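A closer look at the structure
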Amino acid sequence: MTLLIVIVTCAISIIAFSKRELFNKLLFAPNKILIEKEWYRMVSHGFIHADWMHLFFNMLALYMFGGIVEDYFDAIFGGKSTYYFILLYMGGLIFASLRTLQKEKDNYMYSSVGASGAVSAIVFASVLFDPWHSIYVYFIKMPGIVCAIGFVAYSIYMGKKNIDNVNHDAHLWGALFGVAFTIVMEPRVLGLFIGKLLEY
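Below is a short write-up of the structure. (Residues numbered from 1 in each chain as written. Predicted model: local features only at pLDDT ≥ 70, side-chain atom pairs only at ≥ 80, totals over all residues. Heavy atoms only, no water.)

1. A look at the nonpolar core
The following threshold applies: Joining through side-chain atoms within 4.5 Å is the link that ties buried Ala, Val, Leu, Ile, Met, Phe, Trp, Tyr and Cys residues into a set, and such a set is a nonpolar core. Burial classes follow relative accessibility: with a 1.4 Å probe on protein chains only, a residue under 20% of its type's maximum area counts as buried, one over 50% as exposed, and anything between as partly exposed. By definition, any uninterrupted DSSP run of H or I lasting at least four residues is a helix, any uninterrupted run of E lasting at least two residues is a strand, and each is numbered from the N terminus.
With 35 residues, the main nonpolar core has M59, L62, V69, F73, L88, Y89 and I122 as its most contacted residues. Top contributing element to this core by residue count: helix α7 (residues 116-129), with 10 residues. Counting seven residues, the second-largest nonpolar core is a separate cluster that includes F23, L27, A29 and I48.

2. A word on the packing of helix α6 (residues 81-103) against helix α9 (residues 168-185)
Between two packed helices, the angle of one axis relative to the other and the distance separating the axes together describe the packing. The line we're drawing: Here an axis means a line fitted to C-alpha atoms, over the contact stretch when the element is a helix, while the angle between two N-to-C directions is reported on a 0 to 180 degree scale. For this classification, under 35 degrees means roughly parallel, over 145 means roughly antiparallel, 65 to 115 means roughly perpendicular, and everything else is oblique. By convention the crossing between two helices is left-handed if the near helix lies anticlockwise of the far one by an angle smaller than a right angle, and right-handed if it lies clockwise. The contact criterion used throughout is that any non-hydrogen atoms of two residues lie within 4.5 Å. Each residue gets one label: Ala, Val, Leu, Ile, Met, Phe, Trp, Tyr, Cys and Pro are nonpolar, Asp, Glu, Lys and Arg are charged, and the others, such as Gly, are polar.
At a closest axis distance of 8 Å, the pairing of α6 and α9 adopts a crossing angle of 140 degrees. Between α6 and α9, the angle falls in the class oblique. For the crossing formed where α6 meets α9, the hand is right-handed. Taken together, the residues of α9 that come into contact with α6 (itself represented by Y84, L87, L88, G91, G92, F95, A96, R99, T100 and K103) are D169, A170, W173, G174, F177, G178, F181, T182 and M185. Its residues assigned to classes, the contact of α6 with α9 comprises 10 nonpolar, six polar and three charged.

3. Regarding helix α5 (residues 52-77)
The following threshold applies: Every helix has an expected span of 1.5 Å times one less than the residues it contains. Bending is quantified residue by residue as the angle between axes fitted to the seven-residue window ending at that residue and the seven-residue window starting at it. Polar contacts, as counted here, are pairs of nitrogen or oxygen atoms within 3.5 Å of one another; within protein the pair requires one atom able to donate a hydrogen and one able to accept it, and residues that are adjacent in sequence qualify only if both atoms are side-chain atoms.
Over its 26 residues, α5 extends 35 Å from the first C-alpha to the last, a length consistent with the 38 Å expected when each residue adds 1.5 Å. In the structure, α5 departs most strongly from a straight axis at F65, where the bend amounts to approximately 30 degrees. Among the residues of α5, those classed as buried are L55, N58, M59, A61, L62, F65, G66, V69, E70, F73 and F77. Backbone nitrogen of M53 and a side-chain oxygen of the N-cap are separated by 3.2 Å at the start of α5; the cap is D51. One or two steps after α5, the chain reaches G78, where phi turns positive at roughly 60 degrees.

4. Examining the environment of I14
Looking at the secondary structure, you find I14 in helix α1 (residues 2-18). Sequence separation of I14 and C147 is 133 residues, and the distance between their C-alpha atoms is 30 Å. Here I14 is in contact with W52 and L55, once residues within four sequence places are set aside.

5. Re the side chain of S44
Turning to its location among the elements, S44 is positioned in helix α4 (residues 41-44). Since its relative accessible area comes to 9%, S44 is described here as buried.

6. Structural notes on the packing of aromatic side chains
Quick reminder of the rule: Each aromatic pair joins two rings of Phe, Tyr and Trp (for Trp, the six-membered one) with centres within 6.5 Å, and gets the label stacked for planes under 30 degrees apart, edge-to-face for over 60, and tilted for any other angle.
Counted by the stated rule, this structure contains 10 aromatic pairs. When the ring of F77 is compared with that of Y84, the centres are 4.2 Å apart and the planes differ by 25 degrees; the resulting orientation is stacked. An identical accessibility class is assigned to F77 and Y84; each is buried. Within the aromatic cluster, the residues linked to one another by ring pairs are Y72, F73, F77, Y83, Y84 and F129.

7. Details of the pattern of salt bridges
Which entries qualify depends on this criterion: Basic side-chain nitrogens of Lys or Arg form a salt bridge, by our definition, when they fall within 4 Å of a carboxyl oxygen of Asp or Glu.
This structure, assessed with the given rule, holds four salt bridges. Of the charged contacts in the structure, one is a salt bridge between D169 and K103, with a shortest N-O distance of 3.0 Å. Pair noted here: D169 is in helix α9 and K103 is in helix α6, with a separation of 66 residues, a long-range link. A relative accessible area of 11% means that D169 is categorised as buried. On the basis of relative accessibility, which here comes to 34%, the residue K103 falls in the partly exposed class. As a salt-bridge pair, E186 and R188 come within 3.0 Å of each other at their nearest N and O atoms. Judged by relative accessible area, R188 falls into the exposed class, the value being 61%.

8. Comments concerning unusual backbone geometry
Residue K37 is not a glycine yet carries a positive backbone phi of 60 degrees. Using a relative accessible area of 52% as the deciding quantity, one classes K37 as exposed.

Structure representation (structure tokens):
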């Protein structure tokens, strides 16, 4: 499923790079969603990206961590694992956009694209399963739990500053959804997480 999402996202993103009309039709725009009731944008924006670099890093992170989550979901949910994985990914994409929808509802110029919220949900679910699994950040190796704490702190800080074109709120809320969804679907995961955390 991870590979399928990567392929579909890459295909749509690449087509949208050269078709501006399609790009504008799919992007996240609060005024289009709330006023014109184009609710599909809550999902469609996750299948287009601003540029090649944006697409590359999102899909690389998804490919690296999606398989890990799928393996754990297979062990926990058995034959329903694909269903739960899709719920995690799509739920993360939608939930990550809700804060932005509320925050930017009066900003008619605001728009955003990318699967960052959904990818954050996947990455944080993987950290929940294995907090000491190594993650490379700018070629620096660090435990997933350390990276996760830093990521949350950075997202909160930058979200308040609002000094760049990155939707840090989506990153944060997507990450929170990934953790909450996994625990709600299988509460024993929290105990396993604490146990692994204390093993270090």
